[in-house]
Amino acid sequence: MPTSAVIVSFVDFLISGMILLGLMAYYNFVPDWRILTLPIFTLIAFAASMGVGLWLAALTLQYRDFRLVVPFIIQFGLYISPVGFIAT
């Protein structure tokens, strides 16, 4: 299950990337050299999400009630994350 969810999101990302490339070609936008690091960071994000997903799936398999705890952990993680507070 976690593998299929990550792969579906990855395919969605690839389709969105193709649309972005088409729009960049249409508007004659040329990205700089830093775009070459995008596949590396994409693979890092893919591996991190697979690791967390498989770990949580194993915990859910071991402890049946853990599936009820996961939404609270995610919500708590969103509150302690500074990403939502960085507004310019």
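Right, let's walk through the structure included here. Since the structure is predicted, the reported quantities are computational estimates derived from the model, not experimental observations.

Side chains that carry opposite charge are capable of pairing whenever their charged atoms lie near each other. Under the definition given, this model contains one salt bridge. A salt bridge links Arg34 to Asp32; its shortest N-O distance comes to 2.7 Å.

Moving on: the side chain of Thr42. With respect to the helices, strands and loops of the structure, Thr42 is situated in helix α2 (residues 38-62). A distance of 2.7 Å separates the side chain of Thr42 from the backbone oxygen of Leu38, its partner in a polar contact. Apart from residues no more than four positions distant in its own chain, Thr42 is found in contact with Phe10 and Phe13.

Considering only enclosed or pocket space, the largest pocket measures out at about 250 Å³ in volume. Phe13, Leu14, Ser16, Gly17, Met18, Leu20, Leu21, Met24, Pro31, Ile35, Leu38 and Thr42 are the residues that line the largest pocket. Counting only elements with at least two residues in the lining of the largest pocket, the list comes to α1 (2-26) and α2. The biggest single contributor to the lining of the largest pocket is α1, with eight residues. When grouped by side-chain class, the residues that make up the lining of the largest pocket number nine nonpolar, three polar and no charged. Taken as a whole, the second largest pocket encloses approximately 190 Å³ of empty space. Taken together, Val52, Gly53, Leu56, Ala57, Thr60, Val70, Ile73 and Ile74 make up the lining of the second largest pocket. Among the secondary structure elements, those contributing two or more residues to the lining of the second largest pocket are α2 and α3 (66-80). Here the lining of the second largest pocket takes five residues from α2, the largest share from any one element. Counted by class, the lining of the second largest pocket contains six nonpolar, two polar and no charged residues.

Conventions used here
Position numbers for residues count from 1 along each chain, tracking the sequence in the order it is written. Predicted model: local features are reported for residues with pLDDT of at least 70 only, side-chain atom pairs are reported and counted for 80 or more only, and whole-chain, interface and lining totals are derived from all residues. Excluding hydrogens and water, the side-chain values take into account all heavy atoms of the structure. Whenever Lys or Arg places a side-chain nitrogen within 4 Å of a carboxyl oxygen from Asp or Glu, that contact is recorded as a salt bridge. In DSSP terms, a helix is any run of H or I states spanning at least four residues, a strand is any run of E spanning at least two, and both are numbered starting from the N terminus. Contacts described as polar in this section are N or O atom pairs within 3.5 Å, which, within protein, must combine one atom able to donate a hydrogen with one able to accept it, while residues neighboring in sequence count only if both atoms come from side chains. Pairs of residues are marked as contacts when any of their non-hydrogen atoms sit within 4.5 Å. Cavities and pockets are defined on a 1 Å grid built over the protein atoms alone: a cavity is a set of grid points where a 1.4 Å probe fits but cannot escape, while a pocket is an open set with protein on both sides within 12 Å along at least five of seven lines, and lining residues are those with an atom within 4 Å of any such point. Grid points are joined across faces, edges and corners, and a volume is the space filled by probe spheres set on the points. Residues are grouped as follows: nonpolar covers Ala, Val, Leu, Ile, Met, Phe, Trp, Tyr, Cys and Pro; charged covers Asp, Glu, Lys and Arg; every other residue, Gly included, is treated as polar.

Scope: geometric values only; no functional claims are made or implied.
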